[in-house]
Amino acid sequence: MKTFLLSLLVMISVNCFGQNLESKTFNFDYQISYTIKNEKRIIDKSVLINSEDSSYYMLLSKIDNEILAEVILVKDKRKNVFVLNQKNDNFDFRYSTKINIYSGHSHYYSMNILDNGTVELLQFRNKKKTKLEESQVLTFTTSEKPLFFAYIYAIYNVQDVMGINFSYSENIIVKEANVDCGNGSTAKITLKEVKKINLKL
């Protein structure tokens with residue numbers, strides 16, 4: 001993992017931010033990891049965040065045998081994607097793109113607090129919220145800081161991040177989520193690790 005993070009930071013410094021690093025510093029103080037398990041595969045996702053500034057984050061994903069790193073600048077609406085080169089343990093730049101939050105696959109969300117203290121997160125296909133596409137039942141655990149937004153960043157597509165209200169002030173983090181995908185399939189998302197880090201770019 002040390003080689004993984006070191007090579008990631010080098011590649012991002014050189015290829016992603018370039019001269020912008022001289023004028024802005026990106027600080028990450030938490031690395032939070034989740035495991036998504038469905039009928040077909042197991043996906044590990046890890047997000048690096050600044051618990052005091054939710055305007056940017058770094059998403060690490062392992063899908064099958066491929067490891068991806070995405071640096072998301074929420075305010076700038078830009079995504080920079082890297083893929084791990086298995087031959088030399090370096091991250092190769094794949095592409096940089098502007099985030100289009102008005103794309104055709106945008107979703108709409110609502111959240112309901114259930115009687116047992118869990119939260120239901122509903123995803124709809126239309127603005128009127130009449131066509132349910134997916135539902136999640138979230139279970140929380142306490143944390144030192146409000147870290148609910150880390151789950152949203154780790155699990156959801158970047159286009160959808162801006163459509164979910166994650167401004168929870170409570171010191172909580174999502175521990176587990178049971179997902180009904182709406183097409184007869186289900187998934188379970190489990191908190192794997194919460195690690196304090198001190199990384200600067």
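Report on the accompanying structure. Every value quoted in this text rests on a predicted model; they were computed, and no experiment measured them.

1. Some points on the overall build of the chain
Then comes step 1: Of the regular secondary structure elements, the chain holds three helices and eleven strands.
Then comes step 2: Along the chain, helices and strands appear, N-terminal first, in the series α-β-β-β-β-β-β-β-β-β-α-α-β-β.
Then comes step 3: Long-range pairs, those at least 24 residues apart, make up 50% of the contacts in the chain with a sequence separation of at least 6.
Then comes step 4: About 11100 Å² of surface is accessible on the chain, with carbon and sulfur atoms providing 47% of the total.

2. Brief notes about the packing of aromatic side chains
Then comes step 1: Applying the stated criterion to the full structure yields seven aromatic pairs.
Then comes step 2: Each ring, one from Phe82 and one from Phe93, has its centre 5.5 Å from the other, and the planes form 70°; the classification is edge-to-face. On the criterion of sequence distance, the pair formed by Phe82 in strand E5 (residues 78-85) and Phe93 in strand E6 (residues 90-98) is long-range, its members being eleven residues apart.
Then comes step 3: Among the residues examined, Phe82 registers a relative accessible area of 0% and is labelled buried.
Then comes step 4: According to the relative accessible area criterion, Phe93 is partly exposed, its value standing at 38%.
Then comes step 5: In textbook terms, an aromatic cluster arises when at least three aromatic residues are bridged by ring pairs, as seen for Tyr57, Phe149 and Tyr153.

3. Brief notes about the environment of Arg125
Then comes step 1: Mapped onto the fold, Arg125 is located in the loop between strand E8 (119-124) and strand E9 (132-142).
Then comes step 2: A relative accessible area of 49% places Arg125 in the partly exposed class.
Then comes step 3: For the pair Arg125 and His107, spaced 18 residues apart in sequence, the C-alpha separation works out to 5.4 Å.
Then comes step 4: If near-sequence neighbours (up to four positions away) are discounted, Arg125 is found in contact with Tyr108, Lys131, Leu132 and Glu133.

4. Details of the pairing of strand E11 (residues 186-200)
Then comes step 1: As paired strands, strand E1 (residues 27-38) and E11 are joined by eleven bridges and run antiparallel to one another. Pairing of Gln31 across the sheet is with Lys195, part of E11.
Then comes step 2: Bridge analysis of strand E10 (residues 172-180) against E11 gives five bridges, and the strand direction is antiparallel. Paired with Glu176 across the bridge in E11 is Thr190.

5. Brief notes about the pattern of salt bridges
Two side chains with opposite charge may pair up if their charged atoms get near one another.
Then comes step 1: Summed over all chains, the structure comprises eight salt bridges.
Then comes step 2: Its salt-bridge partner being Asp44, residue Lys192 comes within 4.0 Å of it at the nearest N-O pair. Of the two residues, Lys192 is situated in strand E11 and Asp44 in strand E2 (residues 42-50); the sequence distance between them amounts to 148 residues.
Then comes step 3: For Lys192, a relative accessible area of 54% gives the class exposed.
Then comes step 4: A salt bridge links Glu70 to Lys79; the nearest nitrogen and oxygen atoms lie 3.6 Å apart. Grouping residues by exposure puts Glu70 and Lys79 together as buried.

About the cut-offs
Counting from 1, residues in each chain are numbered in the order their sequence is written. Only residues with pLDDT of at least 70 are given local features in this predicted model, and only at 80 or more are side-chain atom pairs given and counted; all residues enter the totals for whole chains, interfaces and linings. Only heavy atoms go into the side-chain values, all of them from the structure, while hydrogens and water stay out. Note on conventions: DSSP H or I runs of at least 4 residues are helices, E runs of at least 2 residues are strands, and numbering of each starts at the N terminus. Contact definition: two residues touch when any of their heavy atoms are within 4.5 Å. The protein chains shown are the only cover counted for residues, whose accessible areas, like all others here, come from Shrake-Rupley with a 1.4 Å probe. The pairing test for Phe, Tyr and Trp rings, Trp by its six-membered ring, is centres within 6.5 Å, and the orientation test on the planes gives stacked under 30 degrees, edge-to-face over 60, and tilted for anything in between. Throughout this description, buried means an accessible area under 20% of the type-specific maximum (1.4 Å probe, protein chains only), exposed means over 50%, and partly exposed covers the range between. DSSP-based pairing: two strands are paired if at least 2 bridges between them are found. When a carboxyl oxygen of Asp or Glu is within 4 Å of a side-chain nitrogen of Lys or Arg, the pair counts as a salt bridge.

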